[in-house]
Each structure stands twice: as C-alpha cells, then as structure tokens.
Amino acid sequence: MLLALSDITREVDRAFWWLTAISLVLLAGVTLVMIAFAIRYRREKTTTTKQIEGHTWLEITWIVIPTIIVTWMFFLGYKGFVLMRTVPKDAMVVQVTGRQWLWSFYYPEEKLNATKMVVPVGQAVKVELTAPPDDVVHSFYIPDFRVKEDAVPGKWTHLWFRAERAGDYNIFCAEFCGKDHSKMITLLRAVSPEEYREWVYAQRAKRFRPLVYDAITDPDAAGFAELGIDGGRLYRTFCVSCHGAAGDGSGLPGVARNFTKPDGWKRSPKVTDIYRTLTEGIPGTQMRAYPNLTPWERVAVAHYVRSLIKWGAPSDTADDYAALVKQYELDKVKPPKQTIPIERAMKLLSRASSRSPKTSAAVRPTSGTLALTAEPSVDPAEAEPQP
Amino acid sequence: MTAITAPPSSLPADYLRARSGVWSWLTTTDHKRIGLLYLGGMLVFFLFAASMALTFRLELLSPGQQFLSNETYNRILTLHGVAMIFLFIIPGIPAVFGNFFLPIMLGAEDVAFPRLNLLSWYCFLAGGGLALASVFLGGPDTGWTFYVPYSMKTGQNVLIPMTAAFVLGWSSILTGLNFITTVHRMRAQGMGWFDMPLFVWSLYATGWIQLLATPVVGITLVMVLLDRLLGVPIFDPARGGDPVLYQHMFWIYSHPAVYVMILPAMGVVSEIIPTFSRKTIFGYKFIAFSSMAIAGIGSLVWAHHMFTSGMADVARVVFSFLTFFVAVPSGVKVFNWLATMYKGSIKLEPPMIWAMVFIFLFSIGGLTGLMNASLSTDIHIHDTSFVVAHFHYTMFGGTGVIFFAALHYWWPKMFGRMYRRGPAYLAAGLFFVGFNMTYFPLFLAGIAGMPRRYADYLPEYTIYHRLSTIGSWILVASILLMLWNLLRSLKHGERADDNPWGGATLEWQTPTPPPVLNFSKQPDLSRGPYEYPTEVQP
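Note that the structure is predicted; figures quoted are calculated from it, not measured.

If you tally the helices and strands in chain B, you get 17 helices and two strands. Expected size for 538 residues packed as a compact globule is a radius of gyration near 24 Å; at 23 Å, chain B falls within 12% of this value. Counting only C-alpha atoms, chain B reaches 70 × 50 × 45 Å along its principal axes. Counting contacts in chain B only where the partners sit at least 6 residues apart, residues at least 24 apart contribute 81% of the total. For chain B, the computed accessible surface area is about 17300 Å², with 68% contributed by carbon and sulfur atoms. Distance from the positive charge centre (31 side chains) to the negative charge centre (25 side chains) of chain B: 6 Å.

Below, the structure is given as structure tokens:
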C-alpha cells in the first residue's frame, strides 16, 4: 500500500490512513481512560464517591467535536469518491460482463472480444459493467486499484482506473453469486502501450482468422478456387514476362529475380515478404507495386510464387503472419464479393451449423455474400467455382 | 396465575416454583418465565449457529478444498448468518432480559399484553424451527440477505427460511408493541419518564424500530414469494424487475435492525456501569435521547450497504453523509459511560469486566464503521472480510458480549444462585483473546482485498485465515467454559442475596428469585434508579 498503483489507490489509501490514525487515537483514549478509572477509583481505594449527574457543556463538547470530526471524515471519503466517479475524457472503454462464474471482456473501440483483460499502463480505463438479464448480481473488484462496482443483470454500471505500473492484478467477484463465487477470479494484465497494441493485433488476428489470416497461413483452406482467384493465372498474367514461367527470371535475365536461387534476395523468400514486395514494390528496381491486385489476389500470387521456390527457404512463422496482418490491417479486409449458387450455399451452411459454434461462425453472411472462402473445411474438390 | 397455593411462609412463591410441569411453562403468561423460555431456545440456536461457524472456519484453515464442497460451505455460511441474526442477535437482549426485567424495572406486575407475549415466543419458536428444518430440506445457500435474483434462481429451498424470517418478524413486532405499551401504561405510580432506568429507554427506542421497520421486511419477503411463485415481475430483471429495489427494501428493515440489536445492549451497559461504580449515571437525559437519536438517524442510513450497488452517485453521497452522524450519539453514550466511572468506587465483578470488554470491542466496531461509512474507503472494503470483521466486532463484540454481561449481571436475580467468580474471569479473559484473534486478522485480510463469502481463497491470504481459525477454537472454548460455569451454579452455586451487586433499580428490591407478581411489597420509588450515597459501603 506504500507504493500506490493508481491515482485512486493513492487517494483511497490516504483517506484510509487518516481514518485509521484518528480511530486509533480515539480507541486508545477511550481504553486508557477506562482502565485508568478502573484502577484509580477501585473499590479498595475509595471511601467516597462524587455523585455527578451530568455536565451540559461537557456533553455539548463531545457532541460538537465528534460532529466536526465525522464531517471532516465524510469529506475525506467524498474527495476520493469524486475522483472515482469522474471518468477522464480520454478513458478507453472496456465492457465487462459478469456471469456465473466467469468474466468476459469486450473492447468496443477495437471491436474485440476477449477472455482476458489487458490494459495499457498509464491509460485511464472505463469499465462498463453488466450481467445478462437471466444471470445474478456480481461485483467487479480490483483490490490493488481500490475499485469495485456491482454488475447488475440488465443494467449498466461503471468504474474507472488507471494502472500506473505494469503487472498482474487480481480481479475478484465480490458479490455472492452461488456455488463457484470464490472461483470467479481472473487476472488483469497491465502492459506497456506497445505490448498492448501487440496484444490487440494478436487478438484481432485470432478473431479474424477465418478471413485473410487463414488465407495467408493456409491457401488450401482459404478456398481460392471457390472465389475464382487463381494465383497461377494471375502470375501468368502479370509476372511471367519478367520472371518466366518457371520463376527462374528467364523473361529478363540478370534483372528479374530468379526464384529458384537463394542468393541476393532483398526481402526474404517467405510468403509474407513476397506479399510485401507485391504491395510496395522494391524501390530502385524494376519491381513495381501491384495495388491493382486485391489483397486476396496478392495472397494468392505470393503463395504461387512461394510454390516455385524449390530450395530450402525459411518458412513463415505464426509471428510473421501476425506481423503482416498488423502491418496492412489485413484483419479488416472484407472477403471478395463473389457469389455462389444458392443450393451450394445452403449445403455449406447446413454443414457448418452442425459443427461447433466456433467454426460455424466462419460461415457468417458478411456484406450480403457468404464468406465461404474462410471455411477451413471446404474441400477444394467439392468446390464449384463460378464461371 | 394468581390461584397458586402459597408456600408455608407468608412470602408469595417465587416464579420458578409457583407452578411446575412442562405444561405450566408452555402455557405461562408470566413475563419472567417467557424470558427464560426465550433464553433456552436462544442458547440452542446460538450453539447451533456457532458450530456452523466453527465448521467453516476449519474449512478455511488452508487454501484449497479441505472437507466442505462449495455448495455445503455456502449453506453452512447462510445458516450461520440466518440463525445468529434472526434467532440470537435481534431478539436476544429484548426478548430475554427485556421480557424479564422491563416490567420489574417499571414496578409493574407484567407486560401490558401477557398473552401476546406468549404468542410472540411461539412465533419465535416456529420461525426458529422452520429455519432449522430448512437445513434438512436442502438448505438455503444465498447468504442471510437473500439477495435477488440469486435467491429466485437457486435450486436450493429458500422459501422455508424466508417464511421463517417472516414469522420471526411477527415475533419481533409483537414484542415491540408490547414493550411500547408497557412503558406508556404500566409505569408504577409516581414514576415519570425520566425516572425510568436507561435499559427501559433503550427498549422503548428499540420497540419503535421493531414496530415501524419490521413490516417492511415482511412486505419484501411477500414480494419475493409473489415473484418466485406467481411470476409477478418485481425483482426479476429478465422480466423487467429491478434487483436493486430488493436491496433497498431489504436494508430499509435490516439496517434499523442493526440498532434493534445494539440499543438494548447499550441500555444494559448503562445499568451495569453505575451499579459497579456506585455512581449515578452521568448525563441521563443525553443517554436517553441518544437512544432515540440512534433509532431516528439509524432509520435513514440503510443505503450505506449499497455504495457499490450501482445506485445513483448522489444517493451514495447523501447516505454516506447521514451515516456519519449515527456515530455521534453512539460516541455520546461511550463518553457518558466513562464519565460515570469518574470518581466512582469501581468493583470489577464479572459483569463489569464484560462491560469493559464491550466498550473496547464495540469501539473498534464503531470506529471501523466510519471506514465503511466513508465513500472512497468503503468502495474498497465493501464485501470484503473487513466488513465481516466490522460487524462481528459490533454484533458479537457488542450485542453478544453484553448478552453475556447481562447473563452474569442478572443471573443471581433470575435463578437465585451465584456462579463462581474464578471461571467467570477466566472465560472473559479467554474470550477477549480468542475474539480478537478470530476477527482482527479479518480486518487485515479485507484491506488486502479478501472478498467475503469465499469458500476458498488465494494462497496470499493464508496467514489471516489460519490465525482466525485458531482464534475461533479459543473463542468457542471460552464460551463453553462460561456456559458451564453458569449452568453449574444452578445446582451447586451459593444462594444469592436479593441485591448482590448493590444496584439501585427496582429489580434489586424484589426477593431473589422474584415472586410471580414481581414484588412482595410496594416498591420504594423514593430512590431514583441511579441514586447512590457518597459514602461507600463495603
């Protein structure tokens, strides 16, 4: 409690120590006077008593002085409370739902659902609390930040805090909510703003996995064929004139990259770097950028190019993919507007809905079309590409 | 009751021996016998509730699950709370000592409505029986507050304990009504309002709270039943009801109930301290009016239990502000008690020791109450074990301790036997150690963030829980020693004088134990309830 972890902690602890100090003085005073009287006026030592019926001014004194003290105590607590209830304007919002017996988190600014709560250090965080209408009352409590507020079914309540030091902090449920009340504990992780961005991208990448992310990591699952995107055809349209049909650079020998040789690459021969090259070109060379290709098409071409590399080139790691998604915000890329016959769509949908909710979510209708491409289990052989 | 054959002497038979047989007890309308009936029932409920606490404290000796599942833990916790609050702390002092001594202190033969008095005991017994029965019918697991919507959703049977609370409410209302009427109508000829002992004043203030606040809890419980059984959407948020409304209604009763618990205890202290200090009470009127002030202000502070409930911020500020002012009349009482000891002639008999233990423990309870009343600090410690420690210091360290003090103070008058001093002192000393060891660590755990009503806890809280559990063993041992010492005296104790402590209130003028109609001769009202000579008689 000595090193405050947040502005609210500092304010609450200050009030708390003042109250404790005054209380200790009063307690010690009452106890010592009581013991002193019990010893000083013990029966063995007293022959006479003094019958005093009262003393009005003394009574007024010990009514007025405590009244002043408690009024001051009220303001001590009030001051901290005002701080607690004055949410800074730049606060980032996290919506928290309590249910028997877990907490879940939604970051509206990132449109992100999460099972963990991660916040950037130094950033004010407004927690908007609720519980589902058919659930019970919970209470969101972070002891280290001295904040607590009930999550009431069907209502919105709020609190805010600002973590001033990185670390893991307990989140407890403080309102009795049944059998596993004492297990309704989770961790709040306060990290540097950079780490926080990383975390958001990683979460987003996970969330948008069915879209481009999966297309990069697994072109087969992406179902390019169904989308009518053919990396090979695009290669033959745009690339073959310089790089040659086999990718050996035979169209413009000595100038165009020979994909079959490991030496002299400006970027690495990973899919992600090939994508970067397609997106940005290589300045100072004749390799230009291809903004006319959609991200989906670039992914398809990158994979095709990669398939031409026969030597032991390094493969992409999960981090590489995540970095690429973050760099170009590929998680925001909408699926290409492609249509498929209704019977085919129905067939895929019914198959998806019989699966677990996690995977079937991938076949959510998006912008009026079906994001079938992302459905990992679509067998390319089954696919019926549109002419 | 009057048609009793008199013993050979000219004195009327004492109330214990006037009639005999179980039936004579079950149909008695003698307020003293009804007081003892309450005492008997209450000790059973108290020991039952204490054994529940001992059990779950043992479970909390170490982190992780020892021998109680979460469900069982929650049930035991609930029963402990329900039994202690509704069957011991709320009715305790008024029903036992109020019933026994209020009419005697007023110089009356009985309470105003003796039959109603017996009915309220049967309500108490029925409510207590229902509460115990619910243990065997599944056992509620909601905590004693029955918060909705959990209490409407849980599969456990909460209807029976709620009905029990409803029936107990009747008992409380009838007792309050009886006491108010008795104080107004039954005072001895010549006894004015300010000639009444302060214990009577405190019971009078309590009676009003019981009468005015208890119906609200009855209404609330009926609303829950309507919601749960007939589907009237009052509290259920899934159908548009409001769970926070329940919390308001619950605390509109249950916070004033806190003063039902503590005011009579304060009244007893105002009797004990003058008696053992041989001194008139300091500031009689201030103590009397502070009881009424506590009853009044205490009725306007209920929502300080709800600072995190999501109610409007302005309401939280108002209720915090009002709450602080309950501390003032409570402080007035403590200062007046100390001033009463000043220049007295103090004899540290067991009841006085218990009263001093009370002043210390209750001061801690009251002062930590300020930390709960203060908005920003309460947000942190609300629903943590800090609150658990706080209300055990006030309820148990306050009302419970004074229940024991009153037992030691009036035991010789009630039963005509004196207990042994040695074990009584030893029990009080052990109690003091055990009590602080059990509850003080919970303050620290609460400050460190330990939520209450947790069947299990994170390893960093082990030290607090372990100390508390070990303390609970000492605490229970001290209580058993005390009860053994008292009960033993019934058979082996010395015969007690009519006035063993030299008290000035009217109960010390009657024979010990008192006769059926309380007085064998007209009580002498010339001496006030706190009039002592300046010369100290040994």
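There is more to say after this.
This paragraph deals with the nonpolar core. Core analysis: the largest hydrophobic core is formed by 243 residues, its most contacted members being A:Tyr107, A:Met117, A:Phe140, A:Phe161, B:Phe97 and B:Trp410. Two domains each put at least three residues into this core: domain 1 (7-38 + 57-85) and domain 2 (92-193) of chain A. Dropping the residues within four chain positions of it, A:Met117 is found in contact with A:Val94, A:Phe105, A:Tyr107, A:Val125, A:Val127, A:Phe140, A:Phe161, A:Ile171, A:Leu187, A:Leu188 and A:Arg189. If you look at the next biggest cluster of nonpolar residues, it comprises 26 residues, including A:Leu293, A:Val305, A:Ile309 and A:Tyr328.

All names here are of chain A. By secondary structure assignment, the location of Thr61 is in helix α2 (residues 56-85). Through-space distance from the C-alpha of Thr61 to that of Phe75 is 21 Å; in sequence the pair is 14 residues apart. Within the local environment of Thr61, its side chain forms a polar contact with the backbone oxygen of Trp57, the two atoms lying 2.6 Å apart.

Applying the stated criterion across every chain yields a total of 79 aromatic pairs over all chains. Taking 4.6 Å as the distance between ring centres and 45° as the angle between the ring planes, the aromatic pair formed by B:Phe46 and B:Phe88 counts as tilted. Linking B:Phe46 in helix α2 (residues 31-59) with B:Phe88 in helix α3 (residues 70-89), this pair joins segments that are 42 residues apart in sequence. Given the relative accessible area of 3%, B:Phe46 is considered buried. Aromatic pair B:Phe101 and B:Trp410: ring centres 4.5 Å apart, planes at 25°, arrangement stacked. Taken together, the residues B:Phe101 in helix α4 (residues 92-105) and B:Trp410 in helix α15 (residues 385-415) connect sequence positions 309 residues apart. Across from the ring centre of A:Tyr290, 4.2 Å away, lies the NZ or CZ of A:Arg288, which sits over that ring. Over the ring of B:Trp25 we find B:Arg33; its NZ or CZ atom is 4.2 Å from the centre of that ring.

Counting residues at the interface gives 92 residues for chain B and 79 residues for chain A. Summed over both sides, the interface between chain B and chain A buries roughly 7400 Å², with carbon and sulfur atoms accounting for 68% of that surface. Linking chain B with chain A are three salt bridges, by the criterion used here. Where B:Arg316 meets A:Glu149, a salt bridge forms, and the shortest distance between an N and an O atom there is 2.8 Å. Linking chain B to chain A there are 31 residue pairs in polar contact (both at pLDDT 80 or more). For the side of chain B that touches chain A, the residue count by class is 49 nonpolar, 26 polar and 17 charged.

Next up on the list: the pattern of salt bridges. Within the structure shown, the criterion is met by 26 salt bridges over all chains. The closest approach of N and O atoms between A:Asp273 and A:Arg276, which form a salt bridge, is 2.8 Å. Within this pair, A:Asp273 and its partner A:Arg276 are both found in helix α9 (residues 271-280), separated by three residues, close to a single helical turn. Look at A:Arg276 and you get buried, because its relative accessible area is 15%. Where salt bridges share partners, they join A:Arg85, A:Glu149, B:Asp313 and B:Arg316 into one cluster.

Turning next to the side chain of B:Asp14. All names here are of chain B. In this fold, Asp14 is placed in the segment before α1 (22-26). The class of Asp14 is buried, set by a relative accessible area of 11%. A polar atom in the side chain of Asp14 sits 2.9 Å from the side chain of Arg17.

Attention now goes to helix α7 (residues 159-185) of chain B. Between the first and last C-alpha of α7(B) there are 39 Å, a value that for 27 residues agrees with the 39 Å anticipated at 1.5 Å per step. Of all 27 residues in α7(B), 20 are buried, a share of seventy percent or more.

Okay, the sheet that holds strand β1 (residues 92-99) of chain A next. Residue and element names in this part refer to chain A. Taken in spatial order, the five strands make up an open sheet running β3-β2-β1-β5-β8, and their pairing is mixed. Both outer strands of the open sheet, β3 (112-114) and β8 (157-162), are each paired with one neighbouring strand and no more. Taking the axes of each pair of neighbouring strands and ignoring which way they run, one obtains an average angle of 25° across the sheet. Bridge count between strand β2 (residues 102-107) and β3: three bridges; the pairing is antiparallel. Opposite Tyr107, over in β3, you have Leu112 as the bridge partner.

All names here are of chain A. Taken in spatial order, the five strands make up an open sheet running β4-β10-β9-β6-β7, and their pairing is mixed. One side of each edge strand has no neighbouring strand; the edge strands of this open sheet are β4 (117-120) and β7 (147-151). Strand-to-strand twist of the sheet, defined as the mean angle between neighbouring strand axes without regard to direction, takes the value 25°. Bridge analysis of strand β6 (residues 138-142) against strand β9 (residues 167-173) gives two bridges, and the strand direction is antiparallel. When the sheet's bridge partners are listed, Phe140 is paired in β9 with Cys173.

Tracing the sequence through the fold places B:Ala448 in the loop between α16 (421-447) and α17 (462-492). Residue class for B:Ala448 comes out partly exposed when judged on its relative accessible area of 34%. Separated by 12 residues in sequence, B:Ala448 and B:Glu460 place their C-alpha atoms 9.3 Å apart. Not counting residues within four places of it along the chain, the set of residues in contact with B:Ala448 comprises A:Pro143, B:Tyr461 and B:Tyr464.

All names here are of chain A. Most of β7 sits out of view: five of its five residues are buried. Taken together, the five bridges between β6 and β7 define a ladder with antiparallel strand orientation. Its bridge partner being in β7, Ser139 is matched across the sheet by Asp150. Taking the residues between adjacent antiparallel strands as the criterion, β6 and β7 are bridged by four residues, where Arg146 takes a positive phi near 60°.

Thresholds, definitions, all that
- Residues numbered from 1 in each chain as written.
- Chains lettered and ligands numbered in written order.
- Predicted model: local features only at pLDDT ≥ 70, side-chain atom pairs only at ≥ 80, totals over all residues.
- Heavy atoms only, no water.
- Helix = DSSP H or I, 4+ residues; strand = E, 2+ residues; numbered from the N terminus.
- Rg over C-alpha atoms; globule rule 2.2 N^0.38 Å.
- Contact = heavy atoms within 4.5 Å.
- Areas by Shrake-Rupley, 256 points an atom, 1.4 Å probe, with all protein chains shown as cover.
- Lys, Arg positive; Asp, Glu negative; His and termini not counted.
- Charge placed at Lys NZ, Arg CZ, Asp CG, Glu CD.
- Core = buried A, V, L, I, M, F, W, Y, C linked by side-chain atoms within 4.5 Å.
- Buried < 20%, exposed > 50% of the residue type's maximum accessible area, 1.4 Å probe, protein only.
- Domains from an automatic or database assignment.
- Polar contact = N/O pair within 3.5 Å; in protein donor to acceptor, adjacent residues only side chain to side chain.
- Phe/Tyr/Trp six-rings, centres within 6.5 Å; stacked < 30°, edge-to-face > 60°.
- Lys NZ or Arg CZ within 6 Å of the ring centre and 35° of its normal.
- Buried area = accessible area lost by both parts, 1.4 Å probe.
- Salt bridge = Lys/Arg side-chain N within 4 Å of Asp/Glu carboxyl O.
- Nonpolar A, V, L, I, M, F, W, Y, C, P; charged D, E, K, R; others polar.
- Expected span 1.5 Å × (residues − 1).
- Pairing = 2+ DSSP bridges.
- Axes fitted to C-alpha atoms, helices over the stretch in contact; angles between N-to-C directions.

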